[in-house]
Amino acid sequence: MSSITIAPHKRSLISLKNKIFTLYLLVLALFALFPPLYLSVSGSSALIMGIPLPIIYWLAIAIFLGIGLWVMYLAECAFGEIPEDEEIA
């Protein structure tokens, strides 16, 4: 295949990847910044492995953000958007 037929397909995949990641970040921002979600958990005295539920809430958001960034990095590596070390110079 020539690069002319691959480029539009690759561009559409990269655009789809960016839209999915944007939606993922918006959902995480909603969980982090929407007060009723946090307030429904904040009054709880439940413990999970000795950690209060409100702390678990924030840790879960941070962990999901880290996983999302890791998946985005892997996707960008797969699409060749991140240059190799030799290409940087």
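Check the entry above for the structure.
The structure presented is a predicted model; accordingly, all values stated were derived computationally and were not measured.

1. Some remarks on the overall build of the protein chain
Part 1 of the reasoning: Of regular secondary structure, the protein chain possesses 4 helices and 2 strands.
Part 2 of the reasoning: When the elements of the protein chain are put in sequence order from the N terminus, they spell out α-α-β-β-α-α.
Part 3 of the reasoning: For the protein chain, the proportion of contacts with a sequence separation of at least 24, taken over those separated by at least 6, is 60%.

2. Structural notes on the pattern of salt bridges
Part 1 of the reasoning: Applying the stated rule across the entire model yields 2 salt bridges.
Part 2 of the reasoning: Here Lys17 and Glu76 are joined by a salt bridge, their closest N and O atoms 3.6 Å apart. Placement of the pair is Lys17 in helix H1 (residues 3-33) and Glu76 in helix H3 (residues 53-79), with a sequence separation of 59 residues.
Part 3 of the reasoning: Its relative accessible area of 10% is what places Lys17 among the buried residues.
Part 4 of the reasoning: Overall, Glu76 belongs to the partly exposed group, its relative accessible area being 22%.
Part 5 of the reasoning: Salt bridges sharing partners connect three or more residues here, namely Lys17, Glu76 and Glu81.

Cut-offs used in this document
- Residues numbered from 1 in each chain as written.
- Predicted model: local features only at pLDDT ≥ 70, side-chain atom pairs only at ≥ 80, totals over all residues.
- Heavy atoms only, no water.
- Helix = DSSP H or I, 4+ residues; strand = E, 2+ residues; numbered from the N terminus.
- Contact = heavy atoms within 4.5 Å.
- Salt bridge = Lys/Arg side-chain N within 4 Å of Asp/Glu carboxyl O.
- Buried < 20%, exposed > 50% of the residue type's maximum accessible area, 1.4 Å probe, protein only.

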